[in-house]
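Residue-level structural notes
Take a look at the letters that make up each chain.
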Amino acid sequence: MNKTYKICVLPGDGIGPEIMGEAIKVLNVISEQTGVSFSYDFGRIGGCAIDEDGTPLPEETLRLAKEADAVLLGAVGGPKWDQNPGNLRPEAGLLGIRKALGLYANLRPATMHPSLVEASSLKPEVVAGVDLIVVRELTGGIYFGEKKRYTSEDGQEVAEDLLIYQEKEIERIIRTSFEVARKRSKNLVSVDKANVLESSRLWRKVAERVAADYPDVTLSHQLVDSCAMQLVRAPKQFDVIVTENMFGDILSDEAAMLTGSIGMLASASLGEGSIGLYEPVHGSAPDIAGRGVANPLATILSVAMMLRHSLGMDEAAEAVEKAVWAVLDAGYRTGDLTEDRSQALGTVEMGQKVIEQLQKQVVGQ
Ligand code: IPM
Ligand code: MG
């Protein structure tokens, strides 16, 4: 089969270009092994786009993304643009593309791989066997509600961020999470702050209503503060967590650290249409950018999610994941995964290990 998939590649800022380089090499190996071709359209997003195009999300980037079968993104942001006004910050580009492509469902799996148990900051017995997924609402809530900045009558500077959700926005993400839970161990925890927030009370009501359509899945509710505590106390109680945009941002970083390093976590952002956006959960890490030491595995695992969710190449996805785990089992580590920095591999070396492993495996489509 001589299929060609169009991949829109947005390396972004900081370590973005470095980790993306390795992800593309991995895709090229998959192409050699399966006969499926990938064409890459590179675009700018975030700080590099602000510098070159005067906007964090150029029209051209959005056009490339909309024409693609899938979007692969590195990371955005850096101190250089920290003083910019909100609409001219790198993050506005990321939020803009999520919204423009209608990617309301963000899947962030956090799986503890046995050979990384020692890399976690928590006790081995607490984290061994953790296998959960955070389903984060991605195009609503306080991230996208109206923002205001003004001076009050008594001369105080005031800032407002509106946290707003419509029933239908809640319903579709809750449905996504039930579908995900159905394919796993059928245990769904919906996280909110219903003891304080009106939007959370609506969230809970909608979750309860949708639950009637999924009698095979057990739904429970946790308050976000309690969930944050339970995640570090007894994370194995969780299978699928569904939550609104900002809580999901926070809890997914926390969940990531359970598994050893945020440098390992991949994500998929999906919507109604067929297009998906795949990116590591971590940021642009300006402190280590350009040094060739960043962990490329989260981006490589994002490639696996892309193969599975957007391109229907399940076997290839499994092969990539298997190669990553084999490399870790063999003891190879980047700096974020080991205390012994003298033994740590750089970005390209780690990418190369995955490629060598992949070449040893036989991959079908
Ligand atoms: C994430 C990031 C982004 C977010 C930032 C960079 C805007 O933290 O994807 O988790 O808050 O969504
Ligand atoms: Mg985040």
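In this text, all values refer to a predicted model and were calculated from it rather than measured experimentally. (Residues numbered from 1 in each chain as written. Chains lettered and ligands numbered in written order. Predicted model: local features only at pLDDT ≥ 70, side-chain atom pairs only at ≥ 80, totals over all residues. Heavy atoms only, no water.)

Some words on the pairing of strand E1 (residues 4-12)
With seven of its nine residues buried, E1 lies for the most part within the structure. Here E1 runs beside strand E2 (residues 37-42); their pairing, made up of six bridges, is parallel. Note on E2: the bridge partner recorded for Val 9 is Phe 42. Traced from E1 through helix H1 (residues 16-34) to E2, the parallel crossover comes out right-handed. (Buried < 20%, exposed > 50% of the residue type's maximum accessible area, 1.4 Å probe, protein only. Helix = DSSP H or I, 4+ residues; strand = E, 2+ residues; numbered from the N terminus. Pairing = 2+ DSSP bridges. Right-handed = clockwise from strand over helix to strand, strands pointing away.)

Points about the sheet that holds strand E11 (residues 266-270)
Ordered in space as E2-E1-E3-E12-E11-E4-E5-E10-E8-E9, the 10 strands form an open sheet in which the pairing is mixed. Either end of the sheet is taken by a strand with one partner, and the two such strands are E2 and strand E9 (218-223). Strand after strand, the sheet turns through a mean of 25° between neighbouring axes, direction not considered. Bridge count between E1 and strand E3 (residues 70-75): five bridges; the pairing is parallel. Across the sheet, residue Ile 7 finds its bridge partner in E3, namely Ala 70. H1 contacts E1, E2, E3 and strand E12 (276-280) of the sheet and is inclined by roughly 160° relative to E2. The strands that helix H4 (residues 90-100) touches are E1, E3, strand E4 (105-111), strand E5 (131-137) and E12; relative to E12, the one it contacts most, it runs at about 150°. (Axes fitted to C-alpha atoms, helices over the stretch in contact; angles between N-to-C directions. Contact = heavy atoms within 4.5 Å.)

Focus: the packing of helix H6 (residues 167-182) against helix H7 (residues 198-211)
Here H6 crosses H7 at 50°, and the two axes come no closer than 9 Å. Taken together, the axes of H6 and H7 lie oblique to each other. In this structure, H6 meets H7 at a crossing whose hand is right-handed. Two secondary-structure elements touch here, H6 through Glu 167, Ile 170, Glu 171, Ile 173, Ile 174, Arg 175 and Phe 178 and H7 through Leu 202, Trp 203, Val 206, Ala 207, Arg 209, Val 210 and Ala 211. Here the residues of the contact of H6 with H7 sort into 10 nonpolar, no polar and four charged. (Parallel < 35°, antiparallel > 145°, perpendicular 65-115°, else oblique. Left-handed = near helix turned anticlockwise from the far one by under 90°. Nonpolar A, V, L, I, M, F, W, Y, C, P; charged D, E, K, R; others polar.)

A closer look at the pattern of salt bridges
Here the structure, examined in full by the defined rule, presents 24 salt bridges. Two residues, Arg 209 and Glu 171, come together in a salt bridge whose shortest N-O distance is 2.8 Å. You can see Arg 209 sitting in helix H7 and its partner Glu 171 sitting in helix H6, a full 38 residues away along the chain. Here Arg 209 falls in the partly exposed class, since its relative accessible area comes to 38%. Here the salt bridges do not stand alone but share partners, grouping Glu 167, Glu 171, Arg 175, Arg 209 and Asp 213 into one network. (Salt bridge = Lys/Arg side-chain N within 4 Å of Asp/Glu carboxyl O.)

Without other data, these values stay purely geometric and don't point to any function.
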